[in-house]
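Structural description and commentary
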Amino acid sequence: MRIGVDIDGVIADTFVLLVRELNNYFQADLALQDINDYNIFKVYGLSDADMFKFLREKEEALMEGPALKDGAAQCLSMLAQKHAIFLVSARNEKYRPQTEKWLRKHAIPYHGLILLGSHDKREACSRISVDLFIEDSLKNAHQISSCGVPVLLLDAPYNQGQLPPLVRRCSSWEEIFEVIERGDLGGIGNGCKK
Ligand SMILES: [Mg+2]
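1. A word on the packing of helix H3 (residues 48-64) against helix H5 (residues 96-105)
Close contact between H3 and H5 brings their axes to 8 Å; oriented N to C, the two are set at 30°. For the element pair H3 / H5, the angle class is roughly parallel. Counting all contacts with H3, which are made through Glu60, Met63 and Glu64, the residues of H5 involved are Gln98, Lys101 and Trp102. Classifying every residue of the contact of H3 with H5 by side-chain character gives two nonpolar, one polar and three charged.

Here it is, written out as structure tokens:
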């Protein structure tokens, strides 16, 4: 199979770092469990000006600093032996060096790295013909699955809600790996039988 994989919130534990940085920067005291919206800046009630100021100062650190999500490196290494892994991220192309450095540091295997600079992944998914996508944004999961591509959604406080038919919630990378290994994607449609 050709598997599309998001980076932030899926391989990189970006939200934990974001919460820490935002708490420090704006003297707030939120926890990851409080982040009930993918737009974390909305949860913090920031103005656009404050958000842009924060990102200008911190964006590079946020690309380089996240820890690995539990199980991500091990599961991707095993998956990459049988499948082609395409990392598809909303990160801007200008952050390719930092992103590649981070992926190397954490020994993440991949066959392609696509940095879109925007959140809509539909065109990229169809261009590289992915059979399955691993994502943490519920909105992205809606969009990607609307093109007939099954999505495994890594559970997070900010992606709760009703799932469309081709989307399955997984609580961990171990569960994602098992679902793919078992070929247990029948329950979320047949988009991976290409
Ligand atoms: Mg993400």
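2. Notes on the packing of aromatic side chains
Going through the model one piece at a time under the given rule, you end up with seven aromatic pairs. Clustering of aromatic rings is evident, with ring pairs tying together Tyr25, Phe26, Phe41 and Phe54.

3. Some remarks on the environment of methionine 51
Position of methionine 51 relative to the elements: it lies in helix H3. Assessed through its relative accessible area of 17%, methionine 51 is described here as buried. As for methionine 51 and phenylalanine 41, which are separated by 10 residues in sequence, their C-alpha atoms are 6.7 Å apart. Excluding residues within four positions of it along the chain, methionine 51 makes contact with Phe41 and Leu46.

4. Re the sheet that holds strand S6 (residues 167-170)
The sheet built from six strands is open, its strands ordered S3-S2-S1-S4-S5-S6 with parallel pairing. The open sheet is flanked by strand S3 (112-115) and S6, the only strands paired with a single partner. Taking each pair of neighbouring strands and ignoring which way they run, the sheet shows an average axis angle of 20°. Across three bridges, the pairing between strand S1 (residues 2-5) and strand S4 (residues 132-135) is parallel. What sits directly across from glycine 4, in S4, is phenylalanine 133.

5. Considerations on the coordination of the magnesium ion
Coordination of the magnesium ion by the protein involves Asp6 (OD), Asp8 (O) and Asp136 (OD), with metal-donor separations of 2.0 to 2.1 Å. Counting the intervening residues between successive donors of the magnesium ion yields the motif D-x1-D-x127-D.

6. A closer look at the environment of serine 126
By secondary structure assignment, the location of serine 126 is in helix H6 (residues 122-127). By relative accessible area, serine 126 is classed as exposed at 53%. Spatially, the C-alpha atoms of serine 126 and isoleucine 3 are 12 Å apart, while their sequence positions differ by 123 residues.

7. Looking at the domain arrangement of the chain
Domain boundaries assigned for the chain yield domain 1 (2-13 + 67-188) and domain 2 (14-64). Distance from the C-alpha centre of domain 1 to the C-alpha centre of domain 2: 22 Å. Taken together, the contact between domain 1 and domain 2 spans 14 residues of the former and 15 residues of the latter. Both faces combined, the contact of domain 1 with domain 2 buries some 1,400 Å², and carbon together with sulfur accounts for 57% of it. A per-residue breakdown of the area domain 1 buries against domain 2 is headed by Asp13, Pro157 and Tyr158, which together make up 42% of the total.

8. Observations regarding helix H7 (residues 138-145)
Burial analysis of H7 places six of its eight residues in the buried class, the great majority of the element. If you check which residues of H7 are buried, you get Leu138, Asn140, Ala141, Gln143, Ile144 and Ser145. As for H7, its buried residues are in contact with H6, S4, strand S5 (151-154) and S6. You can read the cap of H7 off the contacts: a side-chain oxygen lies 3.3 Å from the backbone nitrogen of lysine 139, and it is on serine 137.

9. Focus: the packing of helix H1 (residues 14-25) against H3
Following both chains from N to C, one finds H1 and H3 inclined at 140°, their axes separated by 11 Å at the closest point. Comparing the axis directions of H1 and H3 gives the class oblique. In this structure, H1 meets H3 at a crossing whose hand is right-handed. On H3, the residues that touch Thr14, Leu17, Leu18, Glu21, Leu22 and Tyr25 of H1 are Lys53, Phe54, Glu57, Lys58, Ala61 and Leu62. Here the residues of the contact of H1 with H3 sort into seven nonpolar, one polar and four charged.

The rules we used
- Residues numbered from 1 in each chain as written.
- Predicted model: local features only at pLDDT ≥ 70, side-chain atom pairs only at ≥ 80, totals over all residues.
- Heavy atoms only, no water.
- Axes fitted to C-alpha atoms, helices over the stretch in contact; angles between N-to-C directions.
- Helix = DSSP H or I, 4+ residues; strand = E, 2+ residues; numbered from the N terminus.
- Parallel < 35°, antiparallel > 145°, perpendicular 65-115°, else oblique.
- Contact = heavy atoms within 4.5 Å.
- Nonpolar A, V, L, I, M, F, W, Y, C, P; charged D, E, K, R; others polar.
- Phe/Tyr/Trp six-rings, centres within 6.5 Å; stacked < 30°, edge-to-face > 60°.
- Buried < 20%, exposed > 50% of the residue type's maximum accessible area, 1.4 Å probe, protein only.
- Pairing = 2+ DSSP bridges.
- Donors = N, O, S within 2.8 Å, 3.2 Å for Na, K, Ca; no water.
- Domains from an automatic or database assignment.
- Buried area = accessible area lost by both parts, 1.4 Å probe.
- Polar contact = N/O pair within 3.5 Å; in protein donor to acceptor, adjacent residues only side chain to side chain.
- Left-handed = near helix turned anticlockwise from the far one by under 90°.

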